[in-house]
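So you can see what is in the structure, the chains are spelled out below.
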Amino acid sequence: MAETTLAPTTARAGGIRRRTEAARAAGARSVLLHVVIVVGALAMFFPFYWTVVTSLTPGSGLSSTPSLIPADASLEAYQRLFADLPFARVVGNSLLLATVTTLAQLVTSATAAYAFSRLPFRGRTVVFGIYLATMMIPLQVLVVPLFAELRAWGLVDTYLGALLPTLAAAFGVFLLRQAMNQVPFELDEAAALDGAGHFRIFWTVILPNIRPALATLAVFAFMGSWNSFLWPLVVLRSPELQTLPVALAGLQGQYTTQWDIVMAGSVVSILPMLAVYLFAQKYVIQGVANTGLK
Amino acid sequence: MTALVGEAAAEVRDAERATTRRARPPRPVGRNRRGRRLRYTLTVLAFLLPSAVPLVLFVLAPMVAAAWISLTEWNLLAPATWVGLENYANLLSDPETADVFLHTLSYIVGYLPLVYVGGLAIALALNTALRGRTLLRGVYFLPVITSWIVVALVWRWLLNPSNGVVNTVLGWFGIDGPGWWTDPAWAMPSIILASAWKDLGFVMVILLAGLQAIDPELLDAARVDGAGWWRRLFSVTLPLLSPATFFVIVISLINGFQVFDQVYAMTGGGPGGATQVVVQQIYDLTFRYGKAGEASALSWLLFVVILAVTVIQIRGQRRWVNYG
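Residues numbered from 1 in each chain as written. Chains lettered and ligands numbered in written order. Predicted model: local features only at pLDDT ≥ 70, side-chain atom pairs only at ≥ 80, totals over all residues.

## A word on the overall build of chain B
Our working rule: By definition, any uninterrupted DSSP run of H or I lasting at least four residues is a helix, any uninterrupted run of E lasting at least two residues is a strand, and each is numbered from the N terminus. Three classes are used. A residue is buried when 20 or more other C-beta atoms lie within 10 Å of its own, exposed when 12 or fewer do, and partly exposed in between, with C-beta atoms placed from the backbone. Whether two residues are in contact depends on their C-beta atoms, placed from the backbone: they are in contact if these lie within 7 Å.
Each helix and strand in chain B was counted, giving 14 helices and two strands. For chain B, the proportion of its 324 residues judged to be buried stands at 41%. Taking contacts inside chain B between residues at least 6 apart in sequence as the whole, the part at least 24 apart equals 69%.

This is how it looks when you write it as structure tokens:
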């Protein structure tokens with residue numbers, strides 16, 4: 001909202017002085033704005049900084065508050081994390097589940113989106129409506145029967161049990177269908193004239209044209225799985241099958257006052273997600289922005 | 001759990017529109033008409049089943065099962081016994097039910113204004129010609145990608161009553177900081193603070209996208225007419241931003257009623273039940289007290305409340321949401 005353009009009326013009689021005054025006021029306001037927004041950003045960032053500092057200060061929290069810049073930084077907390085606990089295994093579990101979930105959701109969402117965008121059939125609107133409705137059902141309602149269902153199949157405390165409910169998500173179908181509807185139908189028709197069937201059109205025409213939406217979905221699916229808590233908490237019981245968030249919550253109970261270890265675990269949990277984010281920031285922010293625009 | 005209900009109704013309309021401007025499907029190569037139709041049906045199924053099977057098995061079927069379980073007494077182990085509506089009657093007459101809903105509501109009432117006003121302020125600032133805008137936006141967004149558990153743990157440490165950094169800094173100014181999550185009066189504000197920190201960037205990005213869609217000429221026109229900054233904000237910007245605002249409120253209420261992860265990791269519902277929210281209660285009923293039937297009834301109650309709140313908002317949006 002900075003006054004970058006001046007209203008035309010001020011340019012007239014005696015306008016020059018008034019203009020410089022306005023420009024100076026605008027300049028001062030802009031500086032103030034910069035200061036406020038940068039201080040705000042620093043405040044937002046501080047918890048991350050503090051997490052790292054704490055993880056590098058051995059014995060944090062037992063008796064004292066760590067200093068802002070650790071005097072003798074050490075990786076002791078990380079060593080203990082990986083030596084005392086099956087933490088490497090836990091990180092591996094999270095990576096495995098997040099990767100499989102992401103790949104599965106890309107496949108199930110893309111195929112369903114193609115059907116809703118390109119394959120007219122009777123009752124399609126109703127079926128799409130049901131898909132959208134599943135987004136409104138809170139996981140909490142499903143937890144008890146899901147647990148019973150997977151226990152009946154003998155899948156409690158297995159990777160498969162953790163994975164099955166995450167294979168398909170209506171959000172992805174919705175996102176990709178939106179993107180596919182933007183791909184000109186003339187492209188399919190041209191391919192069809194060349195003798196391509198639906199599977200060829202899907203693979204060679206549609207998918208290459210919705211790469212940004214696929215990237216957005218991949219990041220969201222990965223993030224959803226990496227950060228998910230309630231379902232892994234319920235279904236994965238043994239320590240060596242646990243995922244990062246569940247293990248972290250447990251860590252807290254185990255090392256109530258050893259904040260350096262708890263914070264080291266937090267850093268380990270943030271880093272991979274941070275890497276994904278830095279790599280695909282554009283798609284994450286675009287994805288969030290688009291969901292709100294419609 | 002990403003729920004985009006606000007759009008659901010509009011989406012179904014869109015779907016209808018998309019069908020009417022359908023492209024001619026590529027001509028199948030089947031020999032006769034029936035063979036062609038069968039082939040087309042199989043094609044549709046091939047595209048639809050990979051998502052439909054998991055959604056039916058792991059969302060729709062459990063949803064129906066939850067309704068049935070809610071009418072039984074069941075400890076997850078012994079066979080369930082039919083009790084009719086008894087679970088619902090118990091819940092509705094139990095003052096604890098009112099308590100857990102009130103705690104959830106107090107979370108929402110604290111959280112929503114904080115993220116909306118904060119997110120709006122940052123979005124307004126970032127919408128100006130600001131240097132380093134992308135970097136700043138990235139920093140504000142960072143907590144969004146962090147898991148709720150990490151957020152809860154980090155804030156438990158920041159707000160540690162004895163040697164957390166917040167109380168240490170307050171101590172420099174001679175202020176005796178509160179007990180935060182160990183104090184029944186301050187536990188919910190602690191959770192609200194941590195949650196707002198995490199979600200601020202999410203709200204900011206949605207509002208920023210809304211702001212960028214506003215025609216700058218409208219603001220210029222208001223300026224020429226002598227409208228000051230606040231006047232332009234309330235008379236031009238906010239009305240034009242109402243669709244984004246509506247979206248933020250709908251999503252925040254849906255997620256707010258389902259608040260759980262950060263509560264579980266920060267207070268576990270304590271101290272003394274001060275932060276026992278609905279989902280924490282569902283979890284405890286199921287896995288601590290072996291009352292799966294009552295838990296299912298409570299989860300259905302929660303679903304109905306969320307549904308009602310969402311429908312009321314969608315109905316009421318015509319009064320204040322301005323879709324250009």
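## A few points about the overall build of chain A
Within chain A, the secondary structure is distributed over 13 helices and zero strands. Secondary structure elements of chain A, listed N to C terminal, follow the sequence α-α-α-α-α-α-α-α-α-α-α-α-α. Put simply, chain A has 294 residues, and 45% of those count as buried. Restricting to contacts in chain A with at least 6 residues of sequence separation, those with at least 24 account for 73%.

## Concerning the packing of helix α11 (residues 242–257) of chain B against helix α14 (residues 292–320) of chain B
Each pair of packed helices gets described by two things: the angle between the helix axes and the distance between those axes. Residues and elements named next belong to chain B. Using the following cut-off: Note on geometry: axes are lines fitted to C-alpha atoms, helical ones only across the stretch in contact, with angles between N-to-C directions running from 0 to 180 degrees. An angle below 35 degrees is treated as roughly parallel, one above 145 as roughly antiparallel, one from 65 to 115 as roughly perpendicular, and anything else as oblique. Throughout this entry, Asp, Glu, Lys and Arg are counted as charged residues, while Ala, Val, Leu, Ile, Met, Phe, Trp, Tyr, Cys and Pro are counted as nonpolar. The remaining residues, Gly among them, count as polar.
As a packed pair, α11 and α14 sit with axes 10 Å apart at the nearest point and diverge in direction by 170°. Accordingly, the angle class assigned to the pair α11 and α14 is roughly antiparallel. Facing α11, whose interface residues are Ser242, Phe246, Ile249, Val250, Leu253, Ile254 and Phe257, α14 presents Leu302, Val305, Ile306, Val309, Thr310, Gln313, Gln317 and Trp320. Split by residue class, the contact of α11 with α14 holds 11 nonpolar, four polar and no charged.

## Topic: the UniProt feature "transmembrane region" (unreviewed entry) in chain B
Residue and element names in this part refer to chain B. What counts, and what does not: UniProt positions are given in the numbering used here, feature names are shortened, and annotations may be inferred rather than shown by experiment.
Summarizing the sequence annotation, UniProt attributes the feature "transmembrane region" (unreviewed entry) to residues 40–69, 100–126, 138–158, 186–211, 232–254 and 297–314 in the numbering used throughout. Each end of residues 138–158 is marked by a C-alpha atom, and these two atoms are 22 Å apart; helix forms 71% of the span and strand 0%. Regarding residues 297–314, the helix share stands at 100% and the strand share at 0%, and the terminal C-alpha atoms are separated by 26 Å.

## Some words on α11 of chain B
For the record, the criterion: Expected helix span is given by 1.5 Å per residue-to-residue step, counting one fewer step than there are residues.
Taking 1.5 Å of rise per residue, the 16 residues of α11 of chain B would be expected to cover 22 Å, and the 22 Å separating its terminal C-alpha atoms lies within 8% of that figure. Along α11 of chain B, the residues that are buried comprise Ala244, Thr245, Phe246, Phe247, Val248, Val250, Ile251, Ile254, Gly256 and Phe257 of chain B.

## Let's talk about helix α7 (residues 170–182) of chain A
In a regular helix each residue adds 1.5 Å, so 13 residues correspond to 18 Å; α7 of chain A covers 19 Å between its end C-alpha atoms and thus fits that length. Extensive coverage of α7 of chain A is indicated by the burial of 11 of its 13 residues. Taken residue by residue, α7 of chain A has Ala170, Phe171, Gly172, Val173, Phe174, Leu175, Leu176, Arg177, Gln178, Ala179 and Met180 of chain A as its buried positions. Buried residues along α7 of chain A sit against α3 (87–118), α4 (124–134), α9 (198–209) and α10 (211–227) of chain A together with α2 (33–69) of chain B.

## Here we look at the nonpolar core
Applied cut-off: By our criterion, buried Ala, Val, Leu, Ile, Met, Phe, Trp, Tyr and Cys residues that link up through C-beta atoms within 7 Å make up a nonpolar core.
By size, the foremost hydrophobic cluster in this structure holds 168 residues, and its most contacted members are Leu176 of chain A together with Leu207 of chain B. No other element matches helix α8 (residues 184–212) of chain B, which puts 15 residues into this core. In this structure Leu207 of chain B touches Gly119, Leu120, Ala123, Leu241, Ala244 and Val248 of chain B, once residues within four positions along its chain are discounted.

## Overview of the interface of chain A and chain B
With 94 residues of chain A at the contact, the number on the chain B side is 91 residues. When residues in the side of chain A that touches chain B are grouped by element, the largest group, 15 residues, is from helix α13 (residues 259–293) of chain A. Of the residues contributing to the side of chain A that touches chain B, the split by class is 60 nonpolar, 28 polar and six charged.

## Some thoughts on the packing of helix α5 (residues 139–152) of chain A against α14 of chain B
Let me state the cut-off plainly: Handedness of a crossing follows from how the near helix is turned relative to the far one, being left-handed for an anticlockwise turn of less than a right angle and right-handed for a clockwise one.
Where α5 of chain A meets α14 of chain B, the axes come as close as 8 Å, and the angle between the chain directions of the two elements is 155°. It follows from the interaxial angle that α5 of chain A and α14 of chain B lie roughly antiparallel. Note on packing geometry: the crossing formed by α5 of chain A with α14 of chain B is left-handed. Across from Gln140, Val141 and Val144 of chain A in α5 of chain A, the residues of α14 of chain B making contact are Ala292, Ala295, Ser296, Ser299, Trp300, Leu302 and Phe303 of chain B. For the contact of α5 of chain A with α14 of chain B, the per-class residue count stands at seven nonpolar, three polar and no charged.

## Things to note about the environment of Val53 of chain A
Residues and elements named next belong to chain A. Of note, Val53 is situated in helix α1 (residues 15–55). Given 19 C-beta atoms within a 10 Å radius, Val53 is considered partly exposed. Each C-alpha atom of the pair Val53 and Arg237 lies 32 Å from the other, and the pair is 184 residues apart in sequence. The residues touching Val53, leaving out its near neighbours within four places in the chain, are Pro66 and Pro70.

## Considerations on the environment of Ser299 of chain B
By secondary structure assignment, the location of Ser299 of chain B is in helix α14. Given 29 C-beta atoms within 10 Å, Ser299 of chain B falls into the buried group. In the structure, Ser299 of chain B is positioned 17 residues away from Ile282 of chain B in sequence and 6.7 Å away in space, judged by C-alpha atoms. In contact with Ser299 of chain B, not counting residues within four places along its chain, are Gln140 and Val141 of chain A together with Ala66 and Ile282 of chain B.

## Quick word on the UniProt feature "transmembrane region" (unreviewed entry) in chain A
Taken from the UniProt record, the annotation "transmembrane region" (unreviewed entry) applies to residues 31–50, 95–116, 128–147, 159–176, 213–234 and 261–280 of chain A. Annotated as residues 95–116 of chain A, this span is 100% helix and 0% strand, and its ends, taken at the C-alpha atoms, are 31 Å apart.

## Some remarks on the confidence of the model for chain B
Residues and elements named next belong to chain B. Heads up, the condition is: Every residue carries a pLDDT, the predictor's confidence in it, which falls somewhere between 0 and 100.
On average, residues of chain B score 85 in pLDDT, and 90% of them reach the 70 mark or higher. Helix α4 (residues 95–126) holds the highest mean pLDDT among the elements of chain B, 93, whereas helix α1 (residues 5–20) holds the lowest, 49. Across residues 1–9 the pLDDT falls below 50, and counting only partners more than four positions away or on other chains, this stretch makes 23 contacts in the model. Scoring of the predicted complex yields 0.82 for pTM and 0.82 for ipTM.

## Concerning unusual backbone geometry
A positive phi is found at Asp157 of chain A, a non-glycine position, where the angle reads about 65°. Within the secondary structure, Asp157 of chain A is located in the loop between α5 and α6 (159–163). For Asp157 of chain A, a count of 14 C-beta atoms within 10 Å corresponds to the partly exposed category. Even without glycine at this site, Leu76 of chain B takes up a positive phi of about 80°.

## Regarding the environment of Thr20 of chain A
All names here are of chain A. Assignment of secondary structure puts Thr20 in helix α1. According to the C-beta neighbour criterion, Thr20 is exposed, with 10 such atoms within 10 Å. Along the primary structure Thr20 and Asp260 are separated by 240 residues, whereas in three dimensions their C-alpha atoms are 55 Å apart.

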